[in-house]
Amino acid sequence: SSVYLLSIVYSRRYFRNRKMGISENMFYFLMGIFTTSMIFSLEINNFGLMWVGIEATTISSALLLIADKNEVSLEAAWRYIIIVSAGVTFAFFSIILIYYSLGTLTVSTILSSHFAPSLAMNVAVAIALIGFGTKVGVFPVHTWLPDAHSESPSPISAMFSGVLLPTALYVLYRIYEIDPLRSLFIWAGVISVAAASIFLGYQTRYKRMFAYSTMENMNLALIGFAAGGSAGILGALLLLVSHSFGKAGAFYSSGNILRSTGTRKISEVGALWKSMPSTSGSLLMSSLAVTAAPPFGTFFGEFIILYNLIKLHYFLQFILVAFFLMAVFISVNYNVTRMIFRGEPEKLESDSAMSAVALFSSVLPLAIGVFYVVVSFVML
């Protein structure tokens, strides 16, 4: 709800004097439907209706993706619809198998009962990893993600990264709780983090770079949920909440840059600290947040998840994830610092309201991290 509010405020200025592929009233109507569908998925106590809510997000968000009407965004929307619809079809098969095995789809009833594991339930949970994992950004069914995030308007990119993917991850986790396939889910997360790190290393466009960063963060949260225990859940939730605001700030900052410079390429942006000081500050803060620099909330979330892997004796997975997280940190912050400090300054116009939203959103992960430290010391 907070990211939705920030995106609405940001959109009021982002689309001013800007040609849109849909009317402004339709844009805000679809934003409301998109957000309502996600809240519905989180609130409903039925796996079948959760699936309905996730499917409803595809319809509204696909139309929002083409708000900046151009050939590339239309192609991205088409790819998004095809890939995600295929994934949601797999998710539907998973729901059918759950009902076939347990005779009910009521979440509280299923999770409070102790059903004996069965082959059908193993298959259902594994298929859910593919189906709902498509929306989460699990490798190799992630391919819609970089296109949709990079080509959609910045407030929609913020909603994709900060809200849609965590909502899909919540539904996936609830299904995982029925019959935990811990090793399968952890390895899926590890491989996805590795893939995101490799893809991110050679990106030339800043919004696409942040899209792969989202893939990395979501799969690290998946590892936290799969590892389980109070530490795994706490780490995943701390990471997700902090990431939501940090990544929203990154996309709001990217929108400011795109609106002012007209380019999406990292190499064509420079000296932002002089030409757009407020946006450069929010871009740097949000980049540090999404790459888990201390003392941002994402750092403590990732630290707890990695500590939990060691505690559970997943040493190989810990080494692989730690290495690729370091690679992501270097790649993202190297590109961002180039954009901020390299080159000669240009005279660029910057909207103060949009810059304020971006800065506010990028500071929140830092506030969450400080709050977590303070609360931890008080509890000790």
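Residues numbered from 1 in each chain as written. Predicted model: local features only at pLDDT ≥ 70, side-chain atom pairs only at ≥ 80, totals over all residues. Heavy atoms only, no water.

S.K.: With reference to specific residues and values, describe the overall build of the protein.
M.R.: From N to C terminus, the protein includes 16 helices and 0 strands. Radius of gyration (C-alpha) of the protein: 20 Å, near the 21 Å computed for a compact globule of 380 residues. Judged by the C-alpha coordinates and their principal axes, the protein covers about 65 × 50 × 40 Å. Counting over 380 residues, the protein shows a buried share of 56%. Restricting to contacts in the protein with at least 6 residues of sequence separation, those with at least 24 account for 81%. Here the protein has roughly 15500 Å² of accessible surface; of this, 68% comes from carbon and sulfur atoms. (Helix = DSSP H or I, 4+ residues; strand = E, 2+ residues; numbered from the N terminus. Rg over C-alpha atoms; globule rule 2.2 N^0.38 Å. Buried < 20%, exposed > 50% of the residue type's maximum accessible area, 1.4 Å probe, protein only. Contact = heavy atoms within 4.5 Å. Areas by Shrake-Rupley, 256 points an atom, 1.4 Å probe, with all protein chains shown as cover.)

S.K.: So what's going on with the packing of helix α13 (residues 277-290) against helix α16 (residues 352-379)? Which residues, and what values?
M.R.: Packed helices, taken two at a time, are described by their axes: the angle between them and the distance between them. Packing of α13 against α16 brings their axes to within 8 Å, and their N-to-C directions diverge by 30°. With respect to α16, the element α13 is oriented roughly parallel. Both α13 and α16 take part in a crossing whose hand is left-handed. Packed against α13, whose contacting residues are Ser278, Thr279, Gly281, Ser282, Met285, Ser286 and Ala289, the element α16 presents Ser355, Ala358, Leu359, Ser362, Val363, Pro365 and Leu366 at the interface. (Axes fitted to C-alpha atoms, helices over the stretch in contact; angles between N-to-C directions. Parallel < 35°, antiparallel > 145°, perpendicular 65-115°, else oblique. Left-handed = near helix turned anticlockwise from the far one by under 90°.)

S.K.: With reference to specific residues and values, describe the packing of aromatic side chains.
M.R.: A full pass over the atoms with the stated rule returns 20 aromatic pairs. When the centroid spacing of 5.2 Å and the interplanar angle of 75° are considered together, the rings of phenylalanine 299 and phenylalanine 300 count as edge-to-face. On the accessibility criterion, phenylalanine 300 (16% relative accessible area) is buried. Among the aromatic residues, those joined into a cluster by ring pairs are Tyr10, Tyr14, Phe15, Phe27, Tyr28 and Tyr252. (Phe/Tyr/Trp six-rings, centres within 6.5 Å; stacked < 30°, edge-to-face > 60°.)

S.K.: An account of the layout of surface pockets is needed here, citing residue identities and associated values.
M.R.: Considering only enclosed or pocket space, the largest pocket measures out at about 540 Å³ in volume. For the largest pocket, the lining is made up of 23 residues, of which Leu42, Gly162, Pro166, Thr167 and Ser244 are closest to its centre. When residues of the lining of the largest pocket are traced back to their parent elements, those giving at least two are α1 (2-14), α2 (24-43), α8 (154-178) and α11 (229-261). Sort the elements by how many residues they give to the lining of the largest pocket and α8 lands first, with 8 residues. A class-by-class count of the residues in the lining of the largest pocket yields 17 nonpolar, 6 polar and no charged. (1 Å grid on protein atoms, 1.4 Å probe; cavity = no way out; pocket = protein on both sides within 12 Å on 5 of 7 lines; lining within 4 Å. Points joined across faces, edges and corners; volume = space filled by probe spheres on them. Nonpolar A, V, L, I, M, F, W, Y, C, P; charged D, E, K, R; others polar.)

S.K.: So what's going on with the pattern of salt bridges? Residues and values would help.
M.R.: If you walk through the whole model with that rule in mind, you get 5 salt bridges. For arginine 12, the salt bridge identified is with glutamate 24, shortest N-O distance 3.4 Å. Separated by 12 residues along the polypeptide, arginine 12 in helix α1 and glutamate 24 in helix α2 bring together distant segments of the chain. Judged by its relative accessible area of 33%, glutamate 24 falls in the partly exposed class. For arginine 205, the salt bridge identified is with glutamate 151, shortest N-O distance 3.8 Å. Of this pair, arginine 205 sits in the loop between α9 (182-200) and α10 (206-227) while glutamate 151 is found in helix α7 (residues 144-151), placing the two residues 54 residues apart along the sequence. Given a relative accessible area of 33%, arginine 205 falls into the partly exposed group. Overlapping salt bridges bring together Arg79, Asp147 and Arg208 as one network. (Salt bridge = Lys/Arg side-chain N within 4 Å of Asp/Glu carboxyl O.)

S.K.: Tell me what's going on with the packing of α9 against α10, and back it up with residues and numbers.
M.R.: Contact geometry for α9 and α10: axes closest at 8 Å, N-to-C directions at 160°. Our classification of the angle between α9 and α10 gives roughly antiparallel. Considering only the axes of α9 and α10, their crossing is left-handed. Where α9 approaches α10, its residues Arg182, Phe185, Ile186, Ala188, Gly189, Val190, Ser192, Val193, Ala195, Ala196, Phe199 and Leu200 are matched on the opposing element by Met209, Tyr212, Ser213, Met215, Glu216, Asn219, Leu220, Leu222, Ile223, Ala226 and Ala227. By residue class, the composition of the contact of α9 with α10 is 17 nonpolar, 4 polar and 2 charged.

S.K.: Which residues make up the nonpolar core, and what values go with them?
M.R.: Phe27 and Phe132 are the most contacted members of the largest nonpolar core, which has 120 residues in total. No other element matches the 15 residues that α8 contributes to this core. Setting aside residues up to four positions removed in sequence, phenylalanine 27 forms contacts with Ser11, Phe15, Met20, Ile22, Leu64, Ala67 and Ile156. (Core = buried A, V, L, I, M, F, W, Y, C linked by side-chain atoms within 4.5 Å.)

S.K.: How would you summarise a nonpolar patch on the surface if you had to cite specific residues and measurements?
M.R.: A contiguous nonpolar surface patch, about 450 Å² in accessible area, is contributed by Phe90, Phe92, Phe93, Ile96 and Ile130. The element best represented in the nonpolar patch is helix α4 (residues 71-102), accounting for 4 residues. Along the polypeptide, phenylalanine 90 turns up in helix α4. Judged by relative accessible area, which is 39%, phenylalanine 90 ranks as partly exposed. (Patch = residues over 30% accessible without salt bridge, like charges linked within 9 Å, V, L, I, M, F, W, Y side chains within 5 Å.)

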